[in-house]
Amino acid sequence: MTAPAPAAGALRVFSAERIDAGDAAAHPEAVEVLHWARRFLTAAHPDLGRSGPVCPYTQPSLRRGLFHIAVADRDGDGGDGDLPALVGELRARYDALLAGLAEESDRELLTVLLVLPGLDRADSTALDEAQRKAKDEFVEQGLMIGQFHPVCEEPGLWNRTFRPLRAPVPLLAVRKLLVFDLPFLTGDETHLNHYLARFAPEVPARIRDQLVTSVRAHQRAAA
């Protein structure tokens, strides 16, 4: 699927196919991230703690032509200065692509990565904060937003010493919230409630609250 032509100063969104064709030659960070996604996310890893690829959604997304990489047009401050504005535009571009997909299976695989090469690669503070602030709204509206960074310390789900969110370039990734995402939401009661309201709407609110308490207690015991 071809992304809409960007307006002046907007994000430029490239499909993996367009990057392969050389359309993103002026944005080497997009090419680098695509190579990383194919080399790391779609492959197994000895430290992952389970079988299968690091990210089970990346290869199907690539195969269906639903994997996109966004870059900001460069301006005087390097293009990555206003993170909240970039997150807002990332959401708008994701929504525009989503609106063109009729099949639910395609909507679940649509992925957009925003590369942010202007951010400090040795300090993820700004990126972590932007992702944390955006996640509440994204999860409430049925989306996941994750941060990747060369020094990201978020541990793996199956091996706490593994660092699956380390990428060569700082970036944010957006895709649809799926029922399998529960383990990524247990650290926040609000996120858990949004998840249960979306995937188990028939469960009474009182029972949802009990489930949230139980899940969080289990997480603390397993830590």
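Here the structure is a predicted model, which means the values were calculated and not measured. (Residues numbered from 1 in each chain as written. Predicted model: local features only at pLDDT ≥ 70, side-chain atom pairs only at ≥ 80, totals over all residues. Heavy atoms only, no water.)

Draft legend 1. Structural detail: the layout of surface pockets. Each pocket or cavity is described by its volume, and for the second largest pocket that value is around 220 Å³. Along the walls of the second largest pocket sit Leu 83, Pro 84, Val 87, Gly 88, Arg 91, Ala 126, Glu 129, Ala 130, Lys 133, Ala 134, Glu 137 and Phe 138, which together make up its complete lining. Among the secondary structure elements, those contributing two or more residues to the lining of the second largest pocket are helix H4 (83-99) and helix H6 (125-140). Of the residues assigned to the lining of the second largest pocket, the class counts are seven nonpolar, one polar and four charged. (1 Å grid on protein atoms, 1.4 Å probe; cavity = no way out; pocket = protein on both sides within 12 Å on 5 of 7 lines; lining within 4 Å. Points joined across faces, edges and corners; volume = space filled by probe spheres on them. Helix = DSSP H or I, 4+ residues; strand = E, 2+ residues; numbered from the N terminus. Nonpolar A, V, L, I, M, F, W, Y, C, P; charged D, E, K, R; others polar.)

Draft legend 2. A look at the pattern of salt bridges. Under the counting rule described, the total for this entry stands at eleven salt bridges. The partner of Asp 23 in a salt bridge is Arg 18, and the shortest N-O contact between them spans 3.5 Å. For Asp 23, a relative accessible area of 44% corresponds to the partly exposed category. When its relative accessible area of 26% is taken as the criterion, Arg 18 is described as partly exposed. Asp 106 is the partner of Arg 64 in a salt bridge, and the nearest nitrogen-oxygen pair spans 2.3 Å. (Salt bridge = Lys/Arg side-chain N within 4 Å of Asp/Glu carboxyl O. Buried < 20%, exposed > 50% of the residue type's maximum accessible area, 1.4 Å probe, protein only.)

Draft legend 3. Main features of the pairing of strand E2 (residues 67-72). Burial within E2 is extensive, with six of its six residues counted as buried. Burial along E2 is two-sided: the residues Phe 67, Ile 69 and Val 71 and His 68, Ala 70 and Ala 72 are all buried. Taken together, the five bridges between strand E1 (residues 11-15) and E2 define a ladder with antiparallel strand orientation. Bridge assignment links Phe 14 to a residue of E2, and that residue is Ile 69. Pairing between E2 and strand E3 (residues 111-115): four bridges, direction parallel. Within E3, the position partnered with Ala 70 by the bridge is Leu 114. (Pairing = 2+ DSSP bridges.)

Draft legend 4. Looking closely at the sheet that holds strand E5 (residues 171-176). Pairing is mixed in the open sheet, where five strands are placed in the order E1-E2-E3-E5-E4. Looking at the sheet topology across the chains shown, the edges are occupied by E1 and strand E4 (143-148). Taking each pair of neighbouring strands and ignoring which way they run, the sheet shows an average axis angle of 20°. Helix-sheet contacts for helix H2 (residues 28-41) involve E2, E3, E4 and E5, and the interaxial angle to E2 is about 150°. Set on the sheet, H6 makes contact with E4 and E5; between it and E4 the angle comes to about 170°. (Axes fitted to C-alpha atoms, helices over the stretch in contact; angles between N-to-C directions. Contact = heavy atoms within 4.5 Å.)

Draft legend 5. A look at the side chain of Ser 124. With respect to the helices, strands and loops of the structure, Ser 124 is situated in the loop between E3 and H6. When its relative accessible area of 10% is taken as the criterion, Ser 124 is described as buried. Separated by 2.8 Å, the side chains of Ser 124 and Asp 128 make a polar contact. (Polar contact = N/O pair within 3.5 Å; in protein donor to acceptor, adjacent residues only side chain to side chain.)

Draft legend 6. Main features of the side chain of Ser 61. Structurally, Ser 61 is set in helix H3 (residues 58-63). Sequence-distant contacts of Ser 61, defined by excluding residues within four places in its chain, comprise Leu 66, Phe 67, Leu 109 and Thr 111.

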